[in-house]
Amino acid sequence: MELRQLRYFIAIAEHGSLSQAAARLFIAQSALSHQLAQLEAELGAPLFERLPRGVALTEAGHTFIGHAQSILRQVDTAKASVRTAADTPTGKVVFGIPHSVSQALALPLLKAVRAALPGVVLELTEELTGNLVPQLRDGRIDLAVLFEDEHSAPFHRHYLLDEALCLISPSPTVDAPNTPISLAEALRLPLILPARPHGVRPLIESAAQAAGLAAPNVIADISSISILRTSLLAGMGNTLLPPMPLHAELQAGHLHARPLSAPGLQRRILLCHPRAIPLSAAARAVQRLTQTLCRDLAQSGEWQAAHWQESVPER
């Protein structure tokens, strides 16, 4: 298996046509077909289904493309690590961020990287946490923000901050928005929560079970922040989330947030990367910058309901 075969395979998948891929790669279509045939023979499975117009990935092709992309990314990272001095990091860093963290972190991180690391190209990909994990494991992304649970356990984990959850409701349904509400009371309300295993859902269910409480009264599983926002504004129910994903609506008074009474409920936010794949100099620089930025955002209050602890061990 050769690297050029992987590049050819990805080009064909992107264009859906051998002729278009050959033109893009500046090689003869017959040569491209020959290399694809060799790759399929080595893998023992067809990667494309031939259609009247173009080609489409087979099931084996869908399985293989993530690996091919990961291998090529790791090769590029290895080259950049050799060529780049540690004090002048350059190169591309793919950074995965959950929907519920994006509102607080994405723009500040983009600005910070641009200011402090001008040689680094930061590519942000916003996904559900359950979708970030396989991409991080396969090396398709370099760094990902995850939560402290079983999904983050296999990775190197760097502490960012802790974030408190609160009950967020349509404003007409809340009589005393600043009065803490117990977890037991909140769980009995009609709740709109992310579907398992995404976001805060495992945290909430684990906390309920540990406290001997009934399971949350979930009336809808919604993993999209935008759809969740629309549902809350329509008065369909309540949610348990940190306030930052719905900051604009809370500031405008369209939604109200009530804190949970002690001991409350919080999630620990971590920055993760695979144990088996070394970080490039650029990715290490982004990792350090992200940790410093999150500390500053928590201490300044810009990241609402967040707090930063000193001396949390990294794993």
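Residues numbered from 1 in each chain as written. Predicted model: local features only at pLDDT ≥ 70, side-chain atom pairs only at ≥ 80, totals over all residues. Heavy atoms only, no water.

Enquirer: Lay out the sheet that holds strand S13 (residues 306–307) with the relevant residues and their values.
Expert: In space, the 6 strands of this open sheet follow the order S4-S3-S5-S12-S6-S13, with mixed pairing throughout. Since the sheet does not close on itself, it has two edges, and those belong to strand S4 (120–127) and S13, each with one partner. Sheet topology note: the strand S5 (residues 143–147)/strand S12 (residues 266–273) ladder contains 4 bridges and is antiparallel. Counted as the bridge partner of Ala144 is Cys272 from S12. Relative to S5, helix H6 (residues 129–137) is tilted by about 140°, and along the sheet it contacts strand S3 (91–98), S4, S5 and S12. (Pairing = 2+ DSSP bridges. Helix = DSSP H or I, 4+ residues; strand = E, 2+ residues; numbered from the N terminus. Contact = heavy atoms within 4.5 Å. Axes fitted to C-alpha atoms, helices over the stretch in contact; angles between N-to-C directions.)

Enquirer: Please set out the sheet that holds strand S10 (residues 239–241) residue by residue, giving values where relevant.
Expert: Strands belonging to one sheet form pairs held by backbone hydrogen bonds; the direction of such a pair is parallel or antiparallel. Pairing is antiparallel in the open sheet, where 3 strands are placed in the order S10-S7-S11. Sheet topology places S10 and strand S11 (255–259) at the edges, where each strand pairs with a single neighbour. Mean inter-strand twist for the sheet, computed between neighbouring axes without regard to direction, equals 35°. Bridge analysis of strand S7 (residues 166–170) against S11 gives 5 bridges, and the strand direction is antiparallel. Within the sheet, the bridge partner assigned to Ser169 lies in S11 and is His256. The strands touched by helix H9 (residues 225–233) within the sheet are S7, S10 and S11, with S10 carrying the most contacts at an inclination of about 135°.

Enquirer: How would you sum up H6? Please name residues and give values.
Expert: Because the α-helix completes a turn every 3.6 residues, residues three or four places apart line up on one side. Regarding H6, the residues found buried are Thr129, Leu132, Val133, Gln135 and Leu136. Considering only its buried residues, H6 is in contact with S3, S4, S5 and S12. Gly139 sits one or two residues past H6 and shows a positive phi near 85°. (Buried < 20%, exposed > 50% of the residue type's maximum accessible area, 1.4 Å probe, protein only.)

Enquirer: Could you give me a rundown of the pattern of salt bridges, with the residues and numbers involved?
Expert: Charged atoms that come close allow side chains of opposite charge to pair. All chains considered together, the criterion is met by 12 salt bridges. Salt-bridge contacts for Lys92 lead to Glu123; the nearest nitrogen and oxygen are separated by 2.6 Å. Placement of the pair is Lys92 in strand S3 and Glu123 in strand S4, with a sequence separation of 31 residues. Judged by its relative accessible area of 48%, Lys92 is partly exposed. The structure contains a network of salt bridges with shared partners spanning Arg196, Arg201, Glu205 and Asp221. (Salt bridge = Lys/Arg side-chain N within 4 Å of Asp/Glu carboxyl O.)

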